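So you can see what is in the structure, the chains are spelled out below.
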Amino acid sequence: EDPEEDSEHRTDGPLSPLSLAPIMSSKALDQPTRSFPVSTSAERAAGFLAASVFSLVYVVAPVWLLAALVSVFASGLTSLSTLLLWAPLLVSALLPDTGGSISPIVLCSWPVRQIPKYFRYEEFHEATDRELRATGKSYVVGAHPHGVFSFVGVCAAIASMNDAEGGFGPRLAQHVPTAAASVLKVFPLLKDVLGVFGVIPADGKTLARRLQKGSFVLYIGGMAELFRSSPRRETVFLQGRKGFIKLALKSGADVVPVYLFGNTTVLKALTWGPLADLSRKLGVSVTLFWGRFALPVPKEVRLTYARGRPLGLPHIAEPSQADIDHWHAKYCEALLQLFDRYKGTNPDYKHKTLAIE
């Protein structure tokens, strides 16, 4: 969802007004910033089960709602089966949005901390968490691609929250929320599980207000990317998505490109038919998808997070179309270079190319 058509940081204390110069590296980092190469079979099993909760909720939530609606007509509004089906949905709908506040409890728990180990997850930060925090700036963290569900994004949040020395710490979800389709804020059950990542609506007004206080992660291409990638080629929808650049220029924020290697391989999805069309319109995956054991759970594939340096956008209160086009082209170039630098770190991507549509 383009923010003009209507996540990384901020700390509570004062920050040093340091400058983080944009650098277009020509060579990948030699070593990962964070990695989880060593684990026990018990840790991987726990990580698999914990990760499966996030993808299973995409199946359970709509199926549960459909069953509850069918039960009203089949068994009557006051039947026991109908009441039992509707009870958790109503409780979920009435619960306040507490995802950000309970995020440390969930994402710092032992089972969830094993998720990166299941995926042998690695991160490459050309701009580290500490460097970004030290600038005192707000950032639009552009994340690509979306996939059925961003397990790379989940691993990134877990890794940073549990790195007390070099990460953003337990309050990451409150300081760096993720912008997502508005339906995720209201859909019963989905909103409670995914809300632990501090989800905010991805509309222009909300994001503009957010940049006055801090940063956010934005999946710029959205769900449309899911239906264009293949085993040989990754596709990101970016050519017509310029609203985030305009928003950053007007707000005095900067933009950081991030590529999420593995988001399109960890789960496979049905990319045609009415469910696929509905997924595109809603901005969330309600199409059929599968992974390990042909079930809606993540495959045991390598996940890699690559973050480039901020582009160095100026503050232009009223940017012209030429200004927007100029910085948008720079962002596209930076993303392509980032992909090429780090695709060799993930065995599933060594021979892939990236197309920007």
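In case you missed it, the structure is sitting above this.
Summary of the structure given here. All values reported here derive from a predicted model rather than from experimental measurement.

### Description of the overall build of the protein
Here's step 1: Assigned secondary structure in the protein consists of 13 helices and 12 strands.
Here's step 2: Buried positions account for 52% of the 357 residues belonging to the protein.
Here's step 3: Just so you have it, the protein exposes about 15600 Å², and 61% of that area is on carbon and sulfur atoms.

### Some thoughts on unusual backbone geometry
Here's step 1: With an omega of -15°, the peptide bond running from His144 to Pro145 counts as cis.
Here's step 2: For Pro145, the position within the fold is in the loop between strand S3 (139–144) and helix H7 (151–161).
Here's step 3: Backbone geometry at Arg120 places phi at a positive 50°, although glycine is not the residue there.
Here's step 4: The class for Arg120 is partly exposed, based on a relative accessible area of 34%.
Here's step 5: The backbone phi angle of Ala294 is positive, close to 60°, even though this residue is not glycine.
Here's step 6: Assessed through its relative accessible area of 61%, Ala294 is described here as exposed.

### With respect to the pattern of salt bridges
Here's step 1: Going through the model one piece at a time under the given rule, you end up with 11 salt bridges.
Here's step 2: Between Arg34 and Asp163 there is a salt bridge, with its nearest N and O atoms 3.0 Å apart. Separated by 129 residues along the polypeptide, Arg34 in strand S1 (residues 34–35) and Asp163 in the loop between H7 and helix H8 (172–175) bring together distant segments of the chain.
Here's step 3: You can call Arg34 buried: its relative accessible area is 11%.

### Considerations on the pairing of S3
Here's step 1: Counting buried positions over the six residues of S3 gives six, a clear majority of the element.
Here's step 2: By the alternation rule, side chains of S3 split into Tyr139, Val141 and Ala143 and Val140, Gly142 and His144, which are all buried.
Here's step 3: Examined bridge by bridge, S3 and strand S6 (residues 216–219) share four bridges and lie parallel to one another. Residue pairing for S6: Ala143 is matched across the bridge by Tyr219.

### Considering the sheet that holds S6
Here's step 1: Taken together, the eight strands give an open sheet; going across it, the order is S1-S2-S11-S8-S3-S6-S4-S5, and neighbouring strands pair in mixed fashion. Sheet topology places S1 and strand S5 (199–201) at the edges, where each strand pairs with a single neighbour.
Here's step 2: Packing against the sheet, helix H10 (residues 204–211) makes contact with S3, strand S4 (178–180), S5 and S6, and its axis sits at approximately 125° to S5.
Here's step 3: The sheet strands contacting helix H13 (residues 321–342) are strand S2 (122–125), S3, strand S8 (254–261) and strand S11 (304–307), and the helix crosses S8 at an angle near 35°.

### Description of the packing of helix H1 (residues 41–75) against helix H2 (residues 80–94)
Here's step 1: For the pair H1 and H2, interaxial distance at closest approach is 9 Å and the crossing angle is 150°. In terms of axis orientation, H1 runs roughly antiparallel to H2. Between H1 and H2 the crossing geometry is left-handed. Facing Trp64, Leu65, Ala67, Ala68, Leu69, Ser71, Val72 and Ser75 of H1, the residues of H2 in contact are Ser81, Thr82, Leu84, Leu85, Trp86, Pro88 and Leu89.
Here's step 2: For the contact of H1 with H2, the residue count by class is 11 nonpolar, four polar and no charged.

### Thoughts on a nonpolar patch on the surface
Here's step 1: Taken together, the side chains of Leu56, Val60 and Trp64 present a nonpolar region at the surface, about 230 Å² in accessible area.
Here's step 2: Of note, Val60 is situated in helix H1.
Here's step 3: Judged by relative accessible area, Val60 falls into the partly exposed class, the value being 39%.

### Some thoughts on the environment of Gly198
Here's step 1: Checked against the element boundaries, Gly198 lands in the loop between helix H9 (190–194) and S5.
Here's step 2: You can call Gly198 buried: its relative accessible area is 9%.
Here's step 3: Taking the C-alpha atoms as reference points, Gly198 and Phe216, separated by 18 residues in sequence, lie 9.7 Å from one another.
Here's step 4: Once residues lying within four places of it in the same chain are set aside, the contact partners of Gly198 are Ala173, Pro177 and Thr178.

Basis of the calculations
- Numbering of residues starts from 1 in every chain and runs along the sequence as written.
- Side-chain atom pairs in this predicted model are given and counted only at pLDDT of 80 or more, local residue features only at pLDDT of at least 70, and totals for whole chains, interfaces and linings cover all residues.
- The side-chain figures draw on all heavy atoms in the structure; neither hydrogens nor water molecules are used.
- Numbering of helices and strands runs from the N terminus, with a helix taken as a DSSP run of H or I at least four residues long and a strand as a DSSP run of E at least two residues long.
- Remark: exposure states derive from per-residue accessible area (1.4 Å probe, protein chains only) relative to the maximum for the residue type, with buried under 20%, exposed over 50%, and partly exposed in between.
- Here the Shrake-Rupley method, with its probe set to 1.4 Å, supplies the accessible areas, and only the displayed protein chains count as covering residues.
- Salt bridges are defined by distance alone: a side-chain nitrogen of Lys or Arg within 4 Å of a carboxyl oxygen of Asp or Glu.
- By the convention used here, strands pair only if DSSP detects at least 2 bridges between them.
- By definition in these notes, contact holds between two residues if any of their heavy atoms fall within 4.5 Å.
- All axes are obtained by fitting lines to C-alpha atoms, using only the stretch in contact for helices, and the reported angles, taken between N-to-C directions, cover 0 to 180 degrees.
- Oblique is the label for any angle not under 35 degrees, not over 145, and not in the 65 to 115 range, which are roughly parallel, roughly antiparallel and roughly perpendicular in turn.
- Rotating anticlockwise by less than a right angle from the far helix to the near helix defines a left-handed crossing, while the corresponding clockwise rotation defines a right-handed one.
- Side-chain classes follow a simple rule in which Ala, Val, Leu, Ile, Met, Phe, Trp, Tyr, Cys and Pro form the nonpolar group, Asp, Glu, Lys and Arg form the charged group, and the remainder, Gly included, forms the polar group.
- The patch calculation keeps residues exceeding 30% relative accessible area without a salt bridge and links them within 9 Å when they carry like charges or within 5 Å when they are nonpolar (Val, Leu, Ile, Met, Phe, Trp, Tyr).

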